[in-house]
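Coordinate inspection notes
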Amino acid sequence: MMKMNDWIKKIYVESFMYDFGIHFIKRFHWLLWIYDKTEWNWVGRLLCSFENFEYYRETKRRKEFSNNYQNVLEEHLNEIVTLLEKSSLPSPILLEAINDTSGFEHFNAESVPWFGENYIAVNSGICFYSHILVRCLQPYFIDIQFGQNSWWGQRLNWYWNRRFVISSVAYVSKDFQSALMLMSLIPEDDSLLEGIEKFVISHEYAHLMIRTYGYEKFKFNSYFNKETVLMIMNDEEVAADSIALLILYFMSKRESKSFYLLYGPQFIFAILSCYEQGKLIETPKSHPSFFSRYNYLKDMINQLEPNDLYEKFDGVIWNIWENNKDKIKIQSIKKIDFLNKYVDICGKLYYRYGSEG
């Protein structure tokens with residue numbers, strides 16, 4: 001059950017408005033183009049009527065299906081809390097709720113202390129984009145893991161490369177609807193996707209734990225070398241990442257199908273590093289750069305449980321990125337320019353007719 005404070009509701013509404021704007025532009029861009037060229041009053045009023053109707057329909061649909069990944073988030077959180085109760089890490093803290101804020105416009109999560117209550121907000125984009133990127137690349141990893149060339153590696157190489165391009169463009173342009181997969185092979189060991197989702201939740205939960213317990217109770221020097229511990233102690237974001245990794249590490253020891261669990265965060269930050277270095281996404285202002293996080297997470301994982309295959313998996317990511325980065329850049333810029341153009345036209349419509357309600 002979702003429980004929202006005012007801050008979570010604010011995020012929820014902002015996410016809805018962005019997603020609705022993308023939906024409206026894609027559906028009625030032809031009519032917006034006509035209005036931009038003619039400024040016919042009847043076309044403007046028709047667009048306003050369509051917008052009101054679509055807004056009503058999407059609002060109603062959102063009330064019915066808003067919690068896209070709510071059950072997944074709650075299930076992961078319960079596993080994290082259970083793990084903390086049984087591990088050598090500090091005890092779990094009281095959390096009022098974890099909320100799927102249902103937005104796809106970015107890859108975002110945050111912990112929200114709110115007048116003595118603790119909340120975690122995770123947007124749907126985290127689960128969605130993680131899902132489609134995992135489905136594109138895990139078939140290659142399975143081939144490497146078992147030392148074989150499967151039928152999908154030989155016959156469907158073009159398909160996975162194409163899906164990686166489509167998924168990347170969708171992420172960069174914040175248009176999730178263009179990346180809905182037509183085919184999804186779910187592997188027996190689905191711990192790569194779970195590793196990303198649980199890492200994100202654990203990272204936000206770790207922020208709240210740090211504010212409760214401080215740093216000393218986590219005994220970082222029992223798991224990491226002196227250089228890494230110094231980095232952890234000087235940056236709360238790095239500390240939260242390290243705690244999230246420790247949670248995944250202990251989980252991987254308790255679960256049978258968990259080969260990729262600890263690799264999950266290394267995987268997603270390798271991909272985000274590609275986008276960052278390709279100047280397709282901005283470097284975060286409140287967190288270390290994606291490339292920095294990839295490097296220190298990779299180092300921490302090697303200290304916890306070295307695995308030579310992880311390096312080979314990263315090689316697959318770099319190779320596919322190099323082969324497709326020009327396509328991704330061209331298509332992303334084209335889509336972003338398209339959306340920005342029609343956002344400006346919508347702005348003119350609002351300026352002209354907004355006062356009429």
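Refer to the preceding data block for the structure.
Remember, predicted model here, so these are calculated numbers, not experimental data. (Residues numbered from 1 in each chain as written. Predicted model: local features only at pLDDT ≥ 70, side-chain atom pairs only at ≥ 80, totals over all residues. Heavy atoms only, no water.)

**Looking at the packing of helix 4 (residues 124-146) against helix 7 (residues 191-213)**
- Closest axis-to-axis distance for the helix 4/helix 7 pair is 8 Å, and the angle between their directions is 145 degrees. Between helix 4 and helix 7 the crossing geometry is right-handed. Of the residues in helix 7, those touching helix 4 at Ile126, Cys127, Ser130, His131, Val134, Arg135, Gln138 and Phe141 are Leu192, Leu193, Ile196, Glu197 and Val200.
- Among the residues making up the contact of helix 4 with helix 7, the classes are represented as eight nonpolar, three polar and two charged. (Axes fitted to C-alpha atoms, helices over the stretch in contact; angles between N-to-C directions. Helix = DSSP H or I, 4+ residues; strand = E, 2+ residues; numbered from the N terminus. Left-handed = near helix turned anticlockwise from the far one by under 90°. Contact = heavy atoms within 4.5 Å. Nonpolar A, V, L, I, M, F, W, Y, C, P; charged D, E, K, R; others polar.)

**Details of the packing of aromatic side chains**
- Applying the stated rule across the entire model yields 29 aromatic pairs.
- Look at Phe141 and Phe267: their rings are 5.9 Å apart centre to centre, the planes differ by 85 degrees, and that puts the pair in the edge-to-face class. Of this pair, Phe141 sits in helix 4 while Phe267 sits in helix 10 (residues 264-277), placing them 126 residues apart in sequence.
- By relative accessible area, which is 0% here, Phe141 ends up buried. (Phe/Tyr/Trp six-rings, centres within 6.5 Å; stacked < 30°, edge-to-face > 60°. Buried < 20%, exposed > 50% of the residue type's maximum accessible area, 1.4 Å probe, protein only.)

**Quick word on helix 8 (residues 226-233)**
- What helix 8 keeps buried is the set Thr228, Val229 and Ile232. Projected onto a plane normal to the axis of helix 8, the buried residues spread over an arc of 100 degrees and lie on a single side. Facing away from the buried side of helix 8, by more than 90 degrees, are the exposed residues Lys226, Glu227 and Leu230.
- Residues of helix 8 that are buried make contact with helix 9 (236-254) and helix 11 (290-304). (Arc of directions from axis to C-beta.)

**Here's the deal with unusual backbone geometry**
- Its identity is not glycine, yet Glu39 carries a phi of approximately 55 degrees, on the positive side.
- As for its placement among the helices and strands, Glu39 is situated in the loop between helix 1 (6-38) and helix 2 (41-65).
- Look at Lys174: it is not a glycine, yet its phi comes out positive at around 60 degrees.
- Examined against the element boundaries, Lys174 turns out to sit in the loop between helix 6 (157-173) and helix 7.
- On the basis of relative accessible area, Lys174 is assigned to the partly exposed category, the value being 35%.

**A few points about the state of the cysteines**
- All chains considered together, the criterion is met by zero disulfides.
- Cys48 takes part in no disulfide bond, and the closest cysteine sulfur to it belongs to Cys346, at a distance of 9.7 Å. (Disulfide = S-S within 2.5 Å.)

**Describing the pairing of strand 3 (residues 117-122)**
- Strand 3 sits mainly inside the fold: five of its six residues count as buried.
- Bridge count for strand 1 (residues 97-100) against strand 3 is four bridges, and the pairing is parallel. Bridge pairing in strand 3 links Asn99 to Ala121. (Pairing = 2+ DSSP bridges.)

**Some thoughts on the pattern of salt bridges**
- Enumeration according to the criterion identifies 13 salt bridges in this entry.
- When the shortest N-O distance is used, the salt bridge between Arg27 and Glu54 registers 3.8 Å. Taken as a pair, Arg27 in helix 1 and Glu54 in helix 2 lie far apart in primary sequence, 27 residues in all.
- Across the salt bridge formed by Asp36 and Lys348, the nearest N and O atoms sit 3.5 Å from each other. Note that Asp36 is positioned in helix 1 and Lys348 in helix 12 (residues 308-353), a separation of 312 residues in sequence.
- Classification of Lys348 by relative accessible area gives partly exposed; the value is 45%.
- Taken together, the shared-partner salt bridges connect Lys26, Asp175 and Lys335 into one network. (Salt bridge = Lys/Arg side-chain N within 4 Å of Asp/Glu carboxyl O.)

Treat this as a map of the structure, not an account of what it does.
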